[in-house]
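# Reading the structure
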Amino acid sequence: VLVSWQQLTKTADLTELARHGPVFTQEPSDSVFPLRSEDNKVFINCKAKGNPVPHYKWKVDGGYIDMDLNYNLVEGNLLINHPHATHHGGVYQCIATNVFGTIVSREAKVQFAYFVMSLAQVSLPLSMPTILCGRCLCSSPAEIKYSWVFNGRPSFLLQDTRRFVSQRTGNLYIAKVEASDVGNYTCVVRNMMTNATAYSSPTPVVLRRDAVMGEYEPKIEVQFPESLHVTKGSSVKLECFALGNPVPSITWRRTDGNPLPGKIKINHSNGVLEIPYFRPEDAGVYECVAENSRGKNVAKGQLWVQTLKDVHMAIEANLQWECKASGKPKPVYRWLKNGEPLVLEDRILVEGGRLAVPRINLLDSGMYQCLAENEHGAIYASAELKVVASSPDFSSSPVKKSMLIQRGGEVIMECRPHASPRASISWRRGGEFLKDSTRRTIMGDGTLRISNISESDGGRYTCVARNPFGTSSSTGTLVVKEPTKITVPPLSVDATVGESIVLPCEVSGDSSLGPTFKWFFNGKLIDFNRQDHFEMIGGSAGDLMVRNIQLKHSGKYVCMVHTVVDSVSAAAHLIVRGPPGAPEGLIVGEITDSTAQLSWESGPDHHSPVITYSIQARTPFSIGWQAVRTVPDSVPGQMFHATVIDLNPWVDYEFRVVASNNVGVGEPSMQSKQIRTKAAVQPMGRDKNCYNLCSQILQSGEEFGYVVAFRPLGTSTWKQTVLASPDASRYTFRNDSVPPLSQFEVKVGVYNNKGEGPSSHVVVVYSAEEEPSEPPSRVWTRTLSASEIEVYWEPITQTASSWKIIGYEVLCWEEGMQESDAEMVRVTDTAAILSGLKGSTVYLISVRAQNSAGAGPSSPAVNVTTKKPPPSQPPGNIEWNLTNSKIFLSWEHVKAMGNESEVTGYKVLYRQNWLGKTSVVETNRTSMALQVPSGEDYLIEIKALSDGGDGSSSGPIRIPKITLPMCASSLCFVVTCLFVIVNVL
């Protein structure tokens, strides 16, 4: 039977009243209890919320229960002491009552039985899916919990991704039979209320080796009902488990596309989706999808909630409720008031599931229930009706005490007293009641509207509310103010880059209104705390100063003035003049050995016309951009082409154009493509300062080369050598008899196929320095971990080297090896960290200084031993649970081996998917709760920490946002606990 409610009255919903009638959060259900000699108590659950707290009564087979030695109330639950099948079996019903009324629960059939449990031997081939079917109970109460014991061990069989116990059927499911599963299994049934426990006889599981099952698509063996009625505020658990090879993964979702509620709890090891505190918005169709590489299977079910919103109605209003139900056969309806059948009076109409009560009165208040039933059962839905009768009351919504309005404006005065039934409204000013006029209107909801306000409209206004239960009034004062005017508005102005200006904004009006000023630039509010160029000045005025104006400050400025009664604004435009923008579209035309023709297009002039253009050029060996001569010598702003002259032959050039106006020089254009002038004989007498040692020079043609000449300082004879390569940039002269830092005069000449060019000017250079003659002193070390050592030393003194020390070389080799086999690290400081070392190993360390001439002698070797290696065993038996944006992790403690460093803690690394940013958390425990955003997949790794460094990683563990991997390997079989019920006559 399906029930939905629809309220067809214009009422105010009471969703969260402080005081309300009873509402069931837990109702009794059909149950079968074990009847054994040691059982002496039975609980039947019933719980309701309400304010005041409800009190309870119980019925059995239609009659009220007298609380005696056999029956007791524990809160709302019924406790049966020393139950007897004949005396205490029957149909029970819970009744909850407070000052607002009474509701009754659904009827629950309670039976008692002896349980005899036995299981036959199960013989299974490897990977063969097998199900032993049988019923554990006819109908089990929520207090029954199923567990399994393996080989008589004192603890229950732990559930994980390979093993699952259904709390609906009691069955044990094992995914893919393994050799370790062979043994005896015992089913345990426990009543959580009375702690009574029943055991089946052990059943052996034997492994057959004469067959192996192949792959097949998922088959869902445990699923939730297709239609499930849920009580508002209760907790719902849905189970889903599938057999398959490979082992299927389980995904939960809603078919309407809405996300699963954030409050859900998902246990990855037993396939249970729990929705706590069920609300109407949680209702809908839920779907479990089991999928593997062979296919997928789907189970779905609809969750319904029977709700009717409580209503708060004025006396003499009309109430109409509708109760709709569907079922086969068609259900019939009954209405209850305060737990009893509704008495039909002349004014009360019941037609099928429709209830109509016209002109309700105070006696109609109470708790109402619609009961829809057929031969398969009955369901209830409850609602509270509160009928209110009160005189008008302004205590929570008085007329506004003071209302400010500018002359010529419009005012709205609201009058909203609390009254039941609704009050009639009138207004008066002083002792005169107001009537509608061309400027005054009393609207249907009692609101007074006055337009085109004048000074004479000021004064006290009183709203008068009346209903049959009394009269009340509330008064407010209307104050008329002069409208605000901007007397000195900002004016449009021109400014030059770098200047500062003030845009005025002065107002007149009532100073008591406290006007506030705001400025907007191109439609955006100016934040004076974040804008260095803008400042509000002027004291009581709202003048805006713009400091150090830039081109970006061109635009529209609006001054807006706000008061409590009105708003006014004025606008102005600021035009900023600045240097020209960069010319565009630069093109290089005809090229000779000394000229190049250029053309371009104009860029933005920034409100000041371009006066002249200038041309700049650069080569691979020039220092930056240099101005070049052009024809015409001065290019006017209206001309967009020029010829560059006096260029060097056979040289690569780039060009750019710069515009100027009365404000200044603008940004340069983009550089042109690199071009090369044509070849020519290198003339003598050109600028010799453009050549220097170890740099390229102007080649002026093909077959280019260098002539290098040098001599000791103070001598007259030059030594010369020819370098025929145009790419040569260095020449080395070696003579071991030359002392360090000896001075030489050097010059470089050029030649090409057209002839010889000039030489550079003479420069003085020094010969190389000597290597350091002493090693660093006081070398000491510190062990950081199994793989890292830190080395320190005193810097070498300046006297030990004839020139500047540029760094140090740190040598490291294992004890028993030669220094020639050492690994070397170069540093510029007096400390170094050596990494990549072996644990528990003795190393020799030596340091030597280095300058431009080479390395000096090594320091005496010092030995150091690395720490023990970190634990090689990764954290094992990692378990996780995902509950409402929290991941709960636990793992086994890692025990270090004798040759490993002791564990000092653990490092948990987690990130979203494979490419996300990794976060790290450290702990000294073997469990942790991570707060993470919902709706994302996560990858988690766990490592042990030690003095020797980080231990081995557990490897990435993928935690899906909803996906529940149900099994760790191929196939499943099910062992079922079979109960035989012996009815007690």
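Residues numbered from 1 in each chain as written. Predicted model: local features only at pLDDT ≥ 70, side-chain atom pairs only at ≥ 80, totals over all residues. Heavy atoms only, no water.

Take the overall build of the protein next. In terms of regular secondary structure, the protein is built from 1 helix and 90 strands. In the protein, buried positions account for 43% of the 985 residues. Residue pairs at least 24 apart in sequence account for 66% of intrachain contacts in the protein once pairs closer than 6 positions are excluded. (Helix = DSSP H or I, 4+ residues; strand = E, 2+ residues; numbered from the N terminus. Buried < 20%, exposed > 50% of the residue type's maximum accessible area, 1.4 Å probe, protein only. Contact = heavy atoms within 4.5 Å.)

Summing up the model confidence of the protein, the mean pLDDT is 83 and the portion of residues at 70 or higher is 87%. A low-confidence stretch, residues 131-140 (pLDDT under 50), is modelled with 33 contacts involving residues beyond four sequence positions or located in other chains. Counting interchain partners and residues more than four positions distant, the pLDDT-below-50 stretch residues 683-697 has 32 contacts. (pLDDT = per-residue confidence, 0-100.)

As a further point, take the pattern of salt bridges. Where charged atoms of side chains with opposite charge meet at close range, the side chains can pair. One pass over the structure, following the stated rule, counts 28 salt bridges. As a salt-bridge pair, Glu287 and Arg253 come within 2.6 Å of each other at their nearest N and O atoms. Residue Glu287 is located in strand S28 (residues 284-292), and its partner Arg253 is located in strand S25 (residues 249-254); the two are separated by 34 residues in the primary sequence. Accessibility expressed as a relative area gives 7% for Glu287, which makes it buried. Across the pair Arg676 and Asp652 runs a salt bridge, and its minimum N-O distance is 2.8 Å. Here the residue Arg676 occupies a position in strand S66 (residues 675-676), and Asp652 occupies one in strand S65 (residues 652-661), the gap between them amounting to 24 residues. Residue Asp652 is classed as buried on the basis of its relative accessible area, which comes to 18%. Salt bridges here are not isolated pairs; linked through shared partners, they connect Arg253, Glu287 and Lys300. (Salt bridge = Lys/Arg side-chain N within 4 Å of Asp/Glu carboxyl O.)

On the basis of which strands lie adjacent, the open sheet formed by 3 strands has the order S40-S45-S44 and antiparallel pairing. Because the sheet does not close on itself, it has two edges, and the strands there are strand S40 (411-413) and strand S44 (440-442). Sheet twist, expressed as the mean angle between neighbouring strand axes with direction ignored, is 15°. Pairing geometry for S40 and strand S45 (residues 448-450), over 3 bridges, is antiparallel. (Pairing = 2+ DSSP bridges. Axes fitted to C-alpha atoms, helices over the stretch in contact; angles between N-to-C directions.)

Take the environment of Thr477 next. Tracing the backbone shows Thr477 in strand S47 (residues 470-481). Through-space distance from the C-alpha of Thr477 to that of Tyr461 is 6.1 Å; in sequence the pair is 16 residues apart. With residues up to four places along the chain from it excluded, the contact list for Thr477 reads Lys400, Lys401, Ser402, Met403, Gly459 and Arg460.

Bringing the packing of aromatic side chains into the picture now. The final tally for this structure, using the stated rule, is 18 aromatic pairs. Ring centres of Tyr173 and Phe241 lie 5.4 Å apart, and the angle between their planes is 50°; this geometry places the pair in the tilted category. With Tyr173 in strand S17 (residues 172-175) and Phe241 in strand S24 (residues 241-245), this residue pair connects regions lying 68 residues apart in the sequence. Across the pair, Phe241 and Tyr173 agree in class, each one buried. Of the aromatic side chains, those joined through ring pairs into one cluster are Phe164, Tyr173 and Phe241. The ring of Trp650 carries Arg676 above its face, with NZ or CZ at 5.0 Å from the centroid. It is Lys747 that lies over the ring of Trp718; its NZ or CZ is 4.5 Å from the centre. (Phe/Tyr/Trp six-rings, centres within 6.5 Å; stacked < 30°, edge-to-face > 60°. Lys NZ or Arg CZ within 6 Å of the ring centre and 35° of its normal.)

Bringing the side chain of Ser147 into the picture now. Structurally, Ser147 can be placed in strand S15 (residues 144-150). Residues in contact with Ser147, not counting those within four places in the same chain, are Phe156, Thr186, Cys187 and Val188.

A word on the sheet that holds strand S53 (residues 524-525). Here we have 5 strands laid out as an open sheet, ordered S49-S57-S56-S52-S53, and mixed in their pairing. The open sheet has two edge strands with one neighbour each: strand S49 (493-496) and S53.

Here the focus is the state of the cysteines. Per the stated rule, a full pass over the model turns up 5 disulfides. One disulfide in the model links Cys240 with Cys288; its S-S distance is 1.8 Å. Since a negative S-S torsion denotes a left-handed disulfide, the Cys240-Cys288 link at about -65° is left-handed. In this pair, Cys240 is assigned in the loop between strand S23 (236-239) and S24 and Cys288 in strand S28, connecting sequence segments 48 residues apart. Given a relative accessible area of 0%, Cys240 falls into the buried group. Sequence-ordered numbering of the bonded cysteines in the protein gives a disulfide pattern of 1-2, 3-4, 5-6, 7-8, 9-10. (Disulfide = S-S within 2.5 Å.)

To continue, consider the pairing of strand S29 (residues 295-305). Strand direction decides the pairing type here: strand S22 (residues 227-230) and S29, joined by 4 bridges, are parallel. Looking at S29, one finds that Ser227 is bridged to Gln302. In terms of strand pairing, S28 meets S29 through 9 bridges, oriented antiparallel. Looking across to S29, one finds that Glu291 is bridged to Lys296. In textbook terms, the turn of a hairpin is the stretch between consecutive antiparallel strands, and for S28 and S29 this stretch comprises 2 residues.

This paragraph deals with the side chain of Thr677. On the secondary structure map, Thr677 appears in the loop between S66 and strand S67 (705-712). Not counting residues up to four positions away in its chain, the partners in contact with Thr677 are Ile591, Thr592, Asp593, Leu647, Asn648, Pro649, Trp650, Val651 and Tyr653.

Together, Lys145, Arg190, Lys237 and Lys265 make up a positively charged patch on the protein surface. In this fold, Lys265 is placed in strand S26 (residues 265-267). Judged by its relative accessible area of 37%, Lys265 is partly exposed. (Patch = residues over 30% accessible without salt bridge, like charges linked within 9 Å, V, L, I, M, F, W, Y side chains within 5 Å. Areas by Shrake-Rupley, 256 points an atom, 1.4 Å probe, with all protein chains shown as cover. Lys, Arg positive; Asp, Glu negative; His and termini not counted. Charge placed at Lys NZ, Arg CZ, Asp CG, Glu CD.)

Among the secondary structure elements, Glu771 is positioned in the loop between strand S71 (763-766) and strand S72 (777-783). For the pair Glu771 and Gly854, spaced 83 residues apart in sequence, the C-alpha to C-alpha distance is 5.3 Å. Among all residues touching Glu771, those that are not within four sequence positions of it are Asn851, Ala853, Gly854 and Ala855.

Here the focus is the environment of Glu823. By the secondary structure assignment, Glu823 is in strand S75 (residues 823-827). In this structure Glu823 comes out as exposed when scored by relative accessible area, which is 60%. Residues Glu823 and Cys812, 11 residues apart in the sequence, show an inter-C-alpha distance of 5.3 Å.

Note the cis peptide between Asn51 and Pro52, where omega equals 10°. The residue Pro52 is located in the loop between strand S6 (47-51) and strand S7 (55-60) in this model. Omega for the peptide link from Val631 to Pro632 comes to 0°, which places this bond in the cis form. By the secondary structure assignment, Pro632 is in the loop between strand S62 (630-631) and strand S63 (635-636). Backbone geometry places Glu316, a non-glycine residue, at a positive phi of 75°. For Glu316, the position within the fold is in the loop between strand S30 (311-314) and strand S31 (319-326). Judged by relative accessible area, which is 46%, Glu316 ranks as partly exposed. One non-glycine residue, His606, lies in positive phi territory at about 50°. Looking at where His606 falls in the secondary structure, it is placed in the loop between strand S59 (596-601) and strand S60 (610-618). For His606, a relative accessible area of 23% gives the class partly exposed.

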